[in-house]
Amino acid sequence: MKFNTIYKGDCIEILNKDIEKNLIDLIFADPPYNLSGNALKWVGNKTGGDWNMVNENWDKIPDAEYLKFTKNWIGNCYNVLKKSGSIWVASSYHNIAEIIITLKRFNFKINNIITWYKTNAMPNMTKRVFTHSTEFVIWAVKGSGWTFNYETAKEINPEKQKNGEIKQMRDLWEIPLVQGKERIRGEDGKALHPTQKPEEMLKRIILICSKEGDIVLDPFLGSGTTAIIAQRFGRKWIGIEKEKKYVKIAEKRLCIKK
Ligand SMILES: C[S@@+](CC[C@H](N)C(=O)[O-])C[C@H]1O[C@@H](n2cnc3c(N)ncnc32)[C@H](O)[C@@H]1O
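Conventions and cut-offs
- Sequence order as written defines residue numbering, which begins from 1 separately in each chain.
- Local features in this predicted model are restricted to residues whose pLDDT is 70 or higher, and side-chain atom pairs enter the listing and the counts only when it is 80 or higher, whereas totals over whole chains, interfaces and linings include all residues.
- Nearness here has a simple definition: the residue's C-beta atom, placed using the backbone, must lie within 6 Å of the molecule or strand.
- Elements are defined by DSSP. Helices are runs of H or I of four residues or more, strands are runs of E of two residues or more, and each kind is numbered from the N terminus.
- Only Asp, Glu, Lys and Arg are considered charged, only Ala, Val, Leu, Ile, Met, Phe, Trp, Tyr, Cys and Pro nonpolar, and every remaining residue, Gly among them, polar.
- All axes here are fitted lines through C-alpha atoms, helices being fitted over the stretch that makes contact, and every angle between N-to-C directions spans 0 to 180 degrees.
- Here roughly perpendicular refers to angles of 65 to 115 degrees, roughly parallel to angles under 35, roughly antiparallel to angles over 145, and oblique to all remaining angles.
- A crossing counts as left-handed when the near helix is turned anticlockwise from the far one by less than a right angle, and as right-handed when that turn is clockwise.
- Residue pairs are scored as contacts if the distance between their C-beta atoms, which are placed from the backbone, is within 7 Å.
- Each residue after the first adds 1.5 Å to the expected span of a helix.
- Residues are called buried when their C-beta atom has 20 or more other C-beta atoms within 10 Å, exposed when it has 12 or fewer, and partly exposed otherwise; all C-beta atoms are positioned from the backbone.
- We call two strands paired when DSSP finds no fewer than two bridges between them.

Let us look at the site of the ligand. Within the structure, the ligand sits among 19 residues, and Asp30, Phe220, Gly222, Ser223 and Thr225 are positioned closest to it. Elements with a minimum of two residues in the shell around the ligand: helix 1 (11-17) and strand 10 (236-241). In the shell around the ligand, the residues fall into 7 nonpolar, 6 polar and 6 charged.

Quick look at the packing of helix 5 (residues 199-209) against helix 6 (residues 225-232) now. One way to put it is that helix 5 packs onto helix 6 with a least axis distance of 9 Å and a crossing angle of 50°. As summarised for this structure, helix 5 and helix 6 are arranged oblique, according to the angle between their axes. You can see that helix 5 and helix 6 cross each other, and the crossing is right-handed. Taking contact as the criterion, the partners of Glu199, Leu202, Lys203 and Ile206 in helix 5 are, on helix 6, Thr225, Thr226, Ile228, Ile229 and Ala230.

To continue, consider helix 2 (residues 63-80). The end-to-end C-alpha separation of helix 2 is 27 Å, in line with the 26 Å expected for 18 residues at 1.5 Å each. For helix 2, the complete set of buried residues consists of Thr70, Trp73, Ile74, Asn76, Cys77, Tyr78 and Val80.

Time to look at the sheet that holds strand 5 (residues 81-91). The strands that make up a sheet pair up through hydrogen bonds in the backbone, lying either parallel or antiparallel. With mixed pairing, 8 strands are arranged side by side in an open sheet as 1-10-9-2-5-7-6-8. Of all strands in the sheet, those with a lone pairing partner are strand 1 (5-8) and strand 8 (172-174), marking the two edges. Neighbour to neighbour, the strand axes of the sheet diverge by 20° on average, direction disregarded. Sheet analysis places strand 5 next to strand 7 (residues 134-141), joined by 6 bridges and oriented antiparallel. Paired with Ser86 across the two strands is Val141, which belongs to strand 7. Sheet strands in contact with helix 5 are strand 2 (24-29), strand 5, strand 6 (109-117), strand 8 and strand 9 (215-218), and its direction is about 160° off that of strand 2.

So, to be careful, I would describe these as geometric facts and stop short of saying anything about function.
Here it is in C-alpha cells:
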C-alpha cells in the first residue's frame, strides 16, 4: 500500500484490488453528479464573468446505471473503511437520492447532511425555476467511535456568537465556489477542472473528522483538493482518478515530480 500517491484508473477496481480492507479513517468522495447533458453557457455575464455548465463525458451515466455505479463505489468504500471511519459524499439534488439509498443499503449511519450554500452561485439561465444555490455533503459512519473534533469545529467556525465568542458549527456552510487565486487555470485563463471543490470545505471535513497521521482517501480526486488539504494538515492521503489530464493537474498542484 502506497500513501501520498495518486492511483490512476477506475476507483471501483482500485478500491477492490489495491486498497487494504478496514484501513481508511476518512473518505471524501465527490462523484459524478450525472447532471451533464447540454452545454449551457452564459458568455458575457456582467456580474461574474462567463458561466459554463458542467458538461463532461465522465459525468454522463445513463440513469438506470447510475444507481448500480453508486452501489459499486460506495460498497467498495465500505470495505476499505475502518469500523470507526467516516465517509463524506458530495451531492446535489440530481443524485442525493441514489447516494442516501445506497448509504442506507450498506448500513451506514448518516450523522449530518451539510447544506453547502454557494454564495456566488451561477444564475439560472432558463428563468423558469428558482436559482440553484446549494449542494449537499453527507456525513455517514460505518460503526461507532467516529472522530468528531468538537472543539476544533468551534475554533474554525467563521460564525461567532453575538459577544464574539466561538460557536458550535451548524450544518449550513456558506462557502463561495472556487474563484480567484485558488482556482487552477491553464495559460488561456480557463479553469482546468470544472468542479474543483473549495479548500475551505475540505479543511472543515479533514480537521473535524480525522486526527493527525490518519489516512484520508478520495476515490474521485479530480484536481487534487482533498490531497492538498490532507497534506497541509499532517494526514496521509490516497487519491484515485481515472482521467490522465486531471491526474497531471493534481500532481502539479501537489508538486509531485514525474
Ligand atoms: C466531481 S469531480 C471531483 C472534483 C474534485 N473534488 C476536485 O476538487 O477537483 C469527479 C472526478 O472523478 C473522476 N471520475 C469519474 N468516474 C471515475 C471513476 N470511476 N474512477 C475514478 N475517477 C473517476 C472524474 O474524472 C472527475 O475528475
